[in-house]
Amino acid sequence: MSGLPVLRFASAVEAISLVVLLVNLVTLHARPVSAVVGPLHGAAYLVVIMITLLARAPIVPGVRLRALIPGIGGLLAVRRLKRGETPGQ
């Protein structure tokens, strides 16, 4: 998969931004933090989904479904792809 570095970066941004949003929610609940990090998280989530959906076949089974899980789906997809498994193995 040629988009693996981009997928890795987008999934890391998605996960980190989710943690920032949750910490902000539990502690200060500062609107400026939510206003900046919320759209960043949403954009990273969409990038993860688009990269996995537009990936050329053959792709490891289950990667596209894993990418749909908010927050950790990108990390799960990267982990599955890093194993080097291919369909039919």
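Since the model is a prediction, treat every value here as computed from it, not as a measurement. (Residues numbered from 1 in each chain as written. Predicted model: local features only at pLDDT ≥ 70, side-chain atom pairs only at ≥ 80, totals over all residues. Heavy atoms only, no water.)

Take the side chain of Arg 80 next. Among the secondary structure elements, Arg 80 is positioned in helix α4 (residues 73-82). Here the side chain of Arg 80 touches Pro 61 through a polar contact of 3.2 Å, landing on its backbone oxygen. (Helix = DSSP H or I, 4+ residues; strand = E, 2+ residues; numbered from the N terminus. Polar contact = N/O pair within 3.5 Å; in protein donor to acceptor, adjacent residues only side chain to side chain.)

Our next topic: α4. Every buried residue belonging to α4 is among Gly 73, Gly 74, Ala 77, Val 78, Arg 80 and Leu 81, and all of these are buried. For α4, the angular spread of buried residues about the axis comes to 160°, placing them on one side. Across α4 from its buried face, at more than 90 degrees, point the exposed residues Arg 79 and Lys 82. Of the surrounding elements, those touching the buried residues of α4 are α1 (4-26), α2 (31-54) and α3 (63-67). (Buried < 20%, exposed > 50% of the residue type's maximum accessible area, 1.4 Å probe, protein only. Arc of directions from axis to C-beta. Contact = heavy atoms within 4.5 Å.)

All right, on to the packing of α1 against α2 then. At their nearest, the axes of α1 and α2 sit 8 Å apart, and the two run at 150° to each other. Here α1 lies roughly antiparallel to α2, going by the angle between them. Seen from above, α1 lies across α2 with left-handed handedness. Facing Val 6, Leu 7, Ala 10, Ser 11, Val 13, Glu 14, Ser 17, Leu 18, Val 20, Leu 21 and Asn 24 of α1, the residues of α2 in contact are Val 33, Ser 34, Val 37, Gly 38, Leu 40, His 41, Ala 44, Tyr 45, Val 47, Val 48, Ile 51 and Thr 52. In terms of residue class, the contact of α1 with α2 is made up of 15 nonpolar, seven polar and one charged. (Axes fitted to C-alpha atoms, helices over the stretch in contact; angles between N-to-C directions. Parallel < 35°, antiparallel > 145°, perpendicular 65-115°, else oblique. Left-handed = near helix turned anticlockwise from the far one by under 90°. Nonpolar A, V, L, I, M, F, W, Y, C, P; charged D, E, K, R; others polar.)

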